[in-house]
Amino acid sequence: DVKVTQSSRYLVKRTGEKVFLECVQDMDHENMFWYRQDPGLGLRLIYFSYDVKMKEKGDIPEGYSVSREKKERFSLILESASTNQTSMYLCASSLLGLDYGYTFGSGTRLTVV
Amino acid sequence: TQLLEQSPQFLSIQEGENLTVYCNSSSVFSSLQWYRQEPGEGPVLLVTVVTGGEVKKLKRLTFQFGDARKDSSLHITAAQPGDTGLYLCRVKAAGNKLTFGGGTRVLVKP
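None of these values were measured; they are calculated from a predicted model.

By the definition in use, this model includes 14 aromatic pairs over all chains. With centroids separated by 5.8 Å and ring planes inclined at 85°, the aromatic side chains of A:Phe104 and B:Tyr35 adopt a geometry described as edge-to-face. Taken together, the positions of A:Phe104 in strand 10 (residues 103-104) and B:Tyr35 in strand 4 (residues 29-37) put the pair across two chains. The pair A:Phe104 / B:Tyr35 is uniform in exposure class, with both members buried. Overall, A:Phe104 belongs to the buried group, its relative accessible area being 9%. Among the aromatic side chains, those forming a connected cluster through ring pairs are A:Phe33, A:Tyr35, A:Phe48, A:Tyr102, A:Phe104, B:Tyr35 and B:Phe100. Across the ring face of A:Tyr102, the terminal group of B:Arg90 is positioned such that the distance to the ring centre comes to 4.7 Å.

Structure (structure tokens):
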């Protein structure tokens, strides 16, 4: 069964900590995405990558960075976590081309205290 | 800025009833996808529509893409508790801008 795996379902971090969210996909997909999902705001794109070592800013990249050293792995980094980054973070992957559907991971619920 | 609206925001119905949810915009889409997200999980792709006027069926779910490609609807016949979830539309608009709607939360009570 093909899937996208996010390393943690729940995380609690302190303000100012550096936080790493990991995502791995086993479908050989070129595209990978990081979204955050907040009540009333829907899914907002943070960053995406269409190839190894390539990254593009989404709609809300401030306070985040990403790393894609291998095709199957896409990491989201919160350089200095803040309380307004408390959210559900969703990773997704797709074939190259924007008409393909996404396969999402189960999400990481991050709480910054 | 593209405005993408899903309506209603919340819908509660009894098992066996029908329901329709909508995804509307003032902009033309080149493609539209519908996803369902169950509590505690990521969204799962249901369908992709690309042609104006297109109708697709998936068991009890019927998806329609408007003729002008600015709107879409999802109709569920004889809803079941397993249809409970957050229904999201995602569009690709001019400039390859990808946007998700805010979603419609559906609760089907047994």
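Still more ground to cover, so stick around.
Attention now goes to the environment of A:Leu43. Following the sequence through the fold, A:Leu43 ends up in strand 5 (residues 42-49). Residue classification places A:Leu43 among the buried residues on the basis of a relative accessible area of 6%. Residues A:Leu43 and A:Ser80, 37 residues apart in the sequence, show an inter-C-alpha distance of 22 Å. Contacts of A:Leu43, omitting those with residues within four sequence positions, involve A:Tyr35, A:Arg36, A:Gln37, A:Leu90, A:Phe104, B:Leu88 and B:Phe100.

Below, the discussion takes up the layout of surface pockets. Roughly 900 Å³ of volume is contained in the largest pocket. Lining the largest pocket we find 37 residues, and of these A:Asp38, A:Leu41, A:Gly42, A:Leu43 and B:Gly102 sit closest to its centre. Going through the elements one at a time, strand 4 (31-38), strand 5 and strand 9 (87-94) of chain A together with strand 1 (4-7), strand 9 (85-93) and strand 10 (97-100) of chain B are the ones with two or more residues in the lining of the largest pocket. For the lining of the largest pocket, the per-class residue count stands at 13 nonpolar, 15 polar and 9 charged. The volume enclosed by the second largest pocket comes to roughly 190 Å³. Around the second largest pocket, the lining is made up of 14 residues, and of these A:Lys3, A:Val4, A:Phe104, A:Gly105 and A:Ser106 lie nearest the centre.

Calculation notes
Residues numbered from 1 in each chain as written. Chains lettered and ligands numbered in written order. Predicted model: local features only at pLDDT ≥ 70, side-chain atom pairs only at ≥ 80, totals over all residues. Heavy atoms only, no water. Phe/Tyr/Trp six-rings, centres within 6.5 Å; stacked < 30°, edge-to-face > 60°. Helix = DSSP H or I, 4+ residues; strand = E, 2+ residues; numbered from the N terminus. Buried < 20%, exposed > 50% of the residue type's maximum accessible area, 1.4 Å probe, protein only. Lys NZ or Arg CZ within 6 Å of the ring centre and 35° of its normal. Contact = heavy atoms within 4.5 Å. 1 Å grid on protein atoms, 1.4 Å probe; cavity = no way out; pocket = protein on both sides within 12 Å on 5 of 7 lines; lining within 4 Å. Points joined across faces, edges and corners; volume = space filled by probe spheres on them. Nonpolar A, V, L, I, M, F, W, Y, C, P; charged D, E, K, R; others polar.

These results come straight from atomic positions and should not be treated as a statement about function.
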